[in-house]
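# Structural overview
So you can see what is in the structure, the chains are spelled out below.
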Amino acid sequence: MPEMIFRVRWPDGRETDCYSPSLVIRDYFTPGQDYSVREFLAKADTALTEASERVRARYGFACSRALGQRDAIQQASAAFLNQSGAQVRILSFSL
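The structure contained in this document is the topic of the report that follows.

The rules behind these values
- Residues numbered from 1 in each chain as written.
- Predicted model: local features only at pLDDT ≥ 70, side-chain atom pairs only at ≥ 80, totals over all residues.
- Heavy atoms only, no water.
- Phe/Tyr/Trp six-rings, centres within 6.5 Å; stacked < 30°, edge-to-face > 60°.
- Helix = DSSP H or I, 4+ residues; strand = E, 2+ residues; numbered from the N terminus.
- Patch = residues over 30% accessible without salt bridge, like charges linked within 9 Å, V, L, I, M, F, W, Y side chains within 5 Å.
- Areas by Shrake-Rupley, 256 points an atom, 1.4 Å probe, with all protein chains shown as cover.
- Salt bridge = Lys/Arg side-chain N within 4 Å of Asp/Glu carboxyl O.
- Pairing = 2+ DSSP bridges.
- Axes fitted to C-alpha atoms, helices over the stretch in contact; angles between N-to-C directions.
- Contact = heavy atoms within 4.5 Å.
- Buried < 20%, exposed > 50% of the residue type's maximum accessible area, 1.4 Å probe, protein only.
- Expected span 1.5 Å × (residues − 1).
- Arc of directions from axis to C-beta.

### Some remarks on the packing of aromatic side chains
Going through the model one piece at a time under the given rule, you end up with six aromatic pairs. The interplanar angle of 20 degrees and the centroid separation of 6.1 Å between the aromatic rings of Phe 6 and Phe 29 together place this pair among those described as stacked. With Phe 6 in strand β1 (residues 4-9) and Phe 29 in the loop between β2 (15-20) and β3 (34-36), the pair connects residues that are 23 residues apart, well separated along the chain. These aromatic residues form a ring-pair network of at least three members: Phe 6, Trp 10, Phe 29, Tyr 35, Phe 40 and Phe 80.

### Brief notes about a nonpolar patch on the surface
Together, Met 1, Tyr 59 and Phe 61 make up a nonpolar patch on the protein surface, roughly 310 Å² of accessible area in all. Counting through the fold element by element, Phe 61 comes out in the loop between α1 (37-59) and α2 (64-78).

### Topic: the sheet that holds β3
Strand order in the open sheet formed by four strands is β2-β1-β4-β3, and the pairing between neighbours is antiparallel. Of all the strands in the sheet, the pair left with one neighbour each is β2 and β3. Each strand of the sheet is rotated relative to its neighbour by a mean of 35 degrees, with strand direction disregarded. Sheet topology places β1 next to β2; six bridges connect them, and they run antiparallel. Looking at β2, one finds that Val 8 is bridged to Thr 16. Against the sheet, α1 engages β1, β2, β3 and β4 (87-94), with an angle of about 100 degrees to β3.

### Description of the pattern of salt bridges
Summed over the entire model, instances satisfying the criterion amount to nine salt bridges. Across the pair Arg 54 and Glu 50 runs a salt bridge whose closest N-O atoms are separated by 3.2 Å. Placement of both Arg 54 and Glu 50 in helix α1 is noted, with a separation of four residues, approximately one turn of the helix. Residue classification places Arg 54 among the partly exposed residues on the basis of a relative accessible area of 33%. One connected set of salt bridges, linked through shared partners, spans Arg 7, Arg 9, Glu 15 and Asp 17.

### A closer look at α2
Between its first and last C-alpha atoms α2 spans 21 Å; for 15 residues at 1.5 Å apiece the expected length is 21 Å, and the two agree. Where α2 is concerned, the buried positions are Ala 66, Gln 69, Arg 70, Ile 73, Ala 76 and Ser 77. The buried side chains of α2 occupy one side of the element, clustering within an arc of 130 degrees when seen end-on. Those residues of α2 that are exposed and angled more than 90 degrees off the buried face are Ser 64 and Gln 75. Tucked into the core, α2 has its buried residues touching β1, β2 and α1.

Structure below.
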C-alpha cells in the first residue's frame, strides 16, 4: 500500500507533516487549497478513517498510525476552532 505524507500549514503559520497509509488523502484535499479549520478537521477525520479501513481490508487490522495521526490533527485543530476565519492550507503531497 503506498504511503503518503501531506504537509499542512496551520493558522499560526506552523507547518506539520501528516501521515496517511493510503493515497486516499488525494480524494479529500488539494495542494495549495485552504480549508476552514472545521472543514479540514472533518475531511481529515473521514480520509484517515478510510485509509485505516483500507489497511484493515488488506491486512486484517486497522492502521494505528493513521488513527494516531487523526487524533493528533484533532488535538492541533482544537486551538483554532474558535478563531473566526482560521484556515489550514494543504502545502504538498509526497510519497
